[in-house]
Each structure stands twice: as C-alpha cells, then as structure tokens.
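Remarks on the overall topology
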Amino acid sequence: MTMNPQPAAGRPAARAREISADVAVIGGGVIGHGIAWEARQSGRSVVLIDDAPGTGASWAAAGMLAPVSELHYQEEQLLELMLHSSGLWPAFAAGLEARDTGAGDTGAGATGTGYLTTSTLAVGADAADRRALADLRGVQQASGLTVEPLTVREARAREPLLSPGISCAYDIPADHQVDPRRFLALIAESLAGSAVHERAAGLLWEDGRVGGVSLAGGGTVHAGETIVANGLGSAALGGLPTGLRLPLRPVYGDILRLRVPAYLQPLVTSTVRGMVHGIPVYIVPRQDGTVVIGATQREDALAAAGVEGTGTGPAAPAEAAVSAGGVYQLLRDAQVLVPAVAELELLEATARARPGTPDNAPLLGRVADARTGRDIAGLIIATGFFRHGVLLTPAAAAICRQLMDGNADPRWAPFRPDRFSRLPAPSATTVTIDPNKETA
C-alpha cells in the first residue's frame with residue numbers, strides 16, 4: 001500500500017528564459033489543463049506553468065460528475081453552473097478521446113478519459129439516513145432534478161453486493177464519472193511541448209495590464225492573456241491587482257484506492273453515494289478493477305501539518321498526512337453499504353487539499369481595476385473550485401475562452417473573483433486583446 005503517493009511529474013523542460021504565447025495558464029491541475037486545452041482548441045498558442053503538474057487535489061480526486069448529488073442546502077446558486085458543465089462533459093471528453101487511438105477500448109486498462117455515463121445510486125443505512133435523503137430529494141426535485149426512488153430489492157438487483165440492510169435507495173441518472181488521472185494524462189500528452197515545469201512567482205504588468213508571468217527560476221512568459229488557476233497558490237502569487245482579495249482556505253480529504261479481487265468483480269457497476277448514520281461516503285468503480293472510496297473533509301491540525309507546495313504555488317499546503325481516523329471511517333462506512341469491501345486490497349491512501357471559498361463557489365472571471373472600475377486586461381482568475389473542480393472543468397474552460405474572445409456571460413457574474421474585495425463595480429467597457437499579436 002502506498003501512503004500519499006506522488007505521481008511522476010514528467011521530464012522537466014529546459015529552464016525558460018523568454019517565452020511568448022497567446023495564453024499563459026498558471027496551474028497544472030484539472031482546471032488549468034482544461035483551460036489550456038480549450039485555449040489551444042481555439043487556435044491560440046498556450047504555455048502551461050507548474051513545477052509539478054497533476055500532483056495536487058486533482059491527483060486525489062474521485063472524478064464524480066454529480067450536479068444532482070452535489071446540490072447542497074444554501075448552495076443552490078451553483079446548480080446552474082454545475083448543470084451547464086455536466087452538459088458540456090460528453091463533447092469535452094469526446095474531443096480529447098478523438099486524439100487517443102485506443103479510446104474505443106473500454107475494458108481493464110482502457111485508454112481515454114474514463115468518462116462513464118452510468119447513473120449514480122444514493123443509499124442510506126438507517127431510518128435517519130432515509131429521512132435525510134428524502135428531505136434532500138425534495139430540494140432536488142424542487143430544483144427540477146430527477147431522483148427516482150428504488151426499492152431495496154431493485155437496488156440490489158442492479159448491485160448485488162449492496163447490503164440487504166440498507167434503508168433506502170435512489171437512482172440519479174444525471175450523475176456520471178470520469179477518471180481524473182487518465183483525463184490529466186491525456187491532456188498533458190496533447191499539450192506536450194507547451195509545459196514549463198517551473199513555479200510561477202508573480203504576474204508581469206505592462207502599461208496597466210497583465211502581460212505574462214515571472215518564473216521562480218528567473219525566466220519570463222509573455223502572454224496576451226494570463227489565467228491564474230493554481231488553486232491554493234493563487235492568493236500567494238506576486239503581482240496580484242491592488243485590493244484584490246482571494247479568500248482561499250485548504251479543505252483536506254482522505255481518499256482510498258482499493259483493488260477488487262477477480263472473484264468479486266465488479267464490486268459495483270455504478271457510483272454508490274451513501275449516508276451512514278449521517279456521515280457521507282462514496283464508492284466509485286474504475287474500469288481497471290479498482291474502486292475509490294472517499295468523502296472525509298477536515299480543516300484540522302493534522303491537515304495543517306502537511307507538506308507545503310505540490311505544484312500549487314508558494315507556501316500553498318497541498319498535501320497532508322493521511323488521517324488514521326479518516327481511513328477507519330471510510331472503510332467502516334463503506335462496509336456498511338457494501339460488506340465485501342472488507343475483502344479488497346488497500347492500494348493507496350492519499351490526502352490532498354481543495355481550495356475552498358467563504359461561499360464554497362469558485363472565483364472565476366476577470367477582475368476590476370481598483371481605480372477605474374474597468375476589468376483589468378490580460379488577466380482571468382479561475383480558482384476556488386472546492387468539491388467541484390473536476391465537474392466544473394469544461395465550464396471553466398469555456399467561460400475563460402468566452403472572456404478571451406471578449407464575451408462575458410451574465411449568468412456567471414455571481415462567481416467573479418473580486419466579489420470579496422472592496423472594488424468598484426466593473427465598467428461596461430470591454431477591453432479586447434489583439435488576436436494577431438506575434439507569438440513564438
């Protein structure tokens with residue numbers, strides 16, 4: 001078993017000196033990679049900047065695309081964005097997999113993104129869990145979402161290894177999944193040659209606008225648009241606009257990966273999201289015969305004692321010690337729902353930090369100038385995605401592309417990254433970037 005495994009960061013490129021591109025993306029997680037991919041698809045040249053891409057929260061993520069299950073009380077404002085992004089995922093995944101010659105193989109060891117449209121099962125362990133899930137279903141239905149009740153017999157006909165003792169089950173057809181590690185590997189391959197394996201030190205300013213990135217190693221990347229998408233490291237980046245406040249906090253989670261022995265395969269065919277005595281737990285099946293178990297969430301001293309910086313920026317706590325209590329809780333609760341979990345091989349226990357905001361919504365969009373109220377040219381912020389980073393990747397990428405094209409969709413104005421800052425309201429004036437700027 002591996003504790004807090006570190007993925008291979010790839011072969012570092014030669015130290016950058018002076019690089020020019022249409023777009024510089026700071027941050028090599030799912031959000032940064034997704035934005036870089038979309039920018040490349042638009043015909044722009046791209047540089048992705050990260051000293052250890054794919055090793056932060058994205059490495060640990062389970063990859064649930066769950067706009068329905070992830071609807072939380074008092075977070076209804078996020079629903080439209082989550083549903084929008086969920087609708088973008090099929091084409092987004094297909095575009096990536098079209099570049100992968102093995103995308104048609106869906107068996108063990110399959111290539112591609114691991115995007116699967118199998119529905120999710122929500123199950124409860126006891127009577128209190130049944131009432132809680134029924135109450136949540138009421139909120140979901142009031143929002144126009146489909147959550148269908150199943151009898152325990154019907155649920156176990158679909159998933160025979162579910163415990164006969166569960167109290168309730170619901171089918172959620174709109175909640176799907178993707179494998180973030182495969183997704184990242186596929187995008188990284190498509191962006192080969194565009195990655196700078198260094199840490200971003202700060203933003204470069206030219207004539208009142210952001211003109212690129214200074215690198216910790218001394219080099220510079222000049223760009224018409226700079227996207228700040230390095231998670232928790234965003235707030236510590238040098239050269240942020242005057243008055244801009246990015247209130248990010250690390251929220252850690254323990255996650256387990258286990259191998260299912262041949263005689264138990266498949267353990268489950270659908271993602272199982274459970275409530276066990278009021279505590280959430282999920283079991284996500286992978287195409288390679290493993291499952292991912294998670295749901296812990298902590299902001300504690302053990303998390304704070306974690307190792308600083310794993311590709312997220314200066315002094316950004318990305319990795320933490322795995323909590324013994326968290327591992328126990330996950331295995332205990334997963335076994336209540338699927339007793340055969342006790343027979344699996346524990347391969348990996350990982351803890352990572354997700355960037356949370358005060359309202360648990362992302363910081364996404366342009367930023368107003370503290371003096372003029374106009375949006376600062378050349379700068380877009382895309383961070384603070386908390387639980388929803390994988391789900392919201394296609395939407396974040398599309399929104400950033402629209403902004404670079406000079407278009408701002410008013411639906412996403414509530415997620416502006418300067419909403420926690422005391423800045424003047426943005427002017428209606430739109431600043432456009434010359435798309436014909438010479439690049440190298």
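All of these numbers come straight from a predicted model, not from anything done at the bench. (Residues numbered from 1 in each chain as written. Predicted model: local features only at pLDDT ≥ 70, side-chain atom pairs only at ≥ 80, totals over all residues. Heavy atoms only, no water.)

What follows concerns the pairing of strand β12 (residues 220-228). In terms of burial, β12 is largely enclosed, as eight of its nine residues are buried. With three bridges connecting them, strand β11 (residues 209-215) and β12 associate as antiparallel partners. Its bridge partner lying in β12, G212 is registered against H222. Relative to strand β21 (residues 379-383), β12 runs parallel, the two sharing three bridges. (Buried < 20%, exposed > 50% of the residue type's maximum accessible area, 1.4 Å probe, protein only. Helix = DSSP H or I, 4+ residues; strand = E, 2+ residues; numbered from the N terminus. Pairing = 2+ DSSP bridges.)

Right, let's get into the nonpolar core. In terms of nonpolar packing, the biggest core is built from 59 residues, with I49, L267, I283 and I293 touching the most fellow members. Among the elements that line this core, the one with the most residues is helix α8 (residues 324-337), at four residues. In contact with I49, other than residues within four places in its own chain, are A24, V25, I26, G27, G28, V196, E198, A200, V213, L215 and V221. Within the second largest apolar cluster, 56 residues are counted, among which are A39, L65, L392 and A395. (Core = buried A, V, L, I, M, F, W, Y, C linked by side-chain atoms within 4.5 Å. Contact = heavy atoms within 4.5 Å.)

With that settled, consider the pattern of salt bridges. Tallied over the full model, the rule gives 20 salt bridges. A salt bridge links R273 to E70; the nearest nitrogen and oxygen atoms lie 2.9 Å apart. With a gap of 203 residues between them, R273 in strand β14 (residues 271-276) and E70 in the loop between β4 (64-65) and α3 (79-97) connect regions that are remote in the sequence. Taking the relative accessible area as the measure of exposure, E70 reaches 10% and is therefore buried. One salt bridge connects R416 with D418, and the closest N-O pair in it is separated by 2.8 Å. (Salt bridge = Lys/Arg side-chain N within 4 Å of Asp/Glu carboxyl O.)

This part takes up unusual backbone geometry. Between Q265 and P266 the backbone carries a cis peptide bond, its omega angle lying at -5°. You can see P266 is positioned in the loop between β13 (249-259) and β14. Positive phi values are uncommon outside glycine, yet H277 reaches one of about 55°. Mapped onto the secondary structure, H277 falls in the loop between β14 and β15 (279-285). Even without a glycine there, the phi angle at N360 is positive, about 60°. Relative to the helices and strands, N360 resides in the loop between β19 (345-356) and β20 (363-365).

Before going further, it helps to examine the packing of aromatic side chains. Enumeration over the complete set of coordinates arrives at four aromatic pairs. Sitting above the plane of the W59 ring, R181 keeps its charged end 3.6 Å from the centroid. The ring of F386 has R249 sitting right over it, with the charged end atom 5.6 Å from the ring centre. (Phe/Tyr/Trp six-rings, centres within 6.5 Å; stacked < 30°, edge-to-face > 60°. Lys NZ or Arg CZ within 6 Å of the ring centre and 35° of its normal.)

Now for α3. Between its first and last C-alpha atoms α3 spans 27 Å; for 19 residues at 1.5 Å apiece the expected length is 27 Å, and the two agree. Maximal helix bending in α3 amounts to about 40°, located at W89; proline P90 follows within four positions. Of the positions making up α3, those classed as buried are L79, L81, M82, S85, S86, W89, F92, A93 and L96. Those residues of α3 that are buried lie in contact with α1 (30-41), β4, α6 (180-190) and α9 (393-404). (Expected span 1.5 Å × (residues − 1). Bend = angle between axes of the 7 residues up to and from the residue.)

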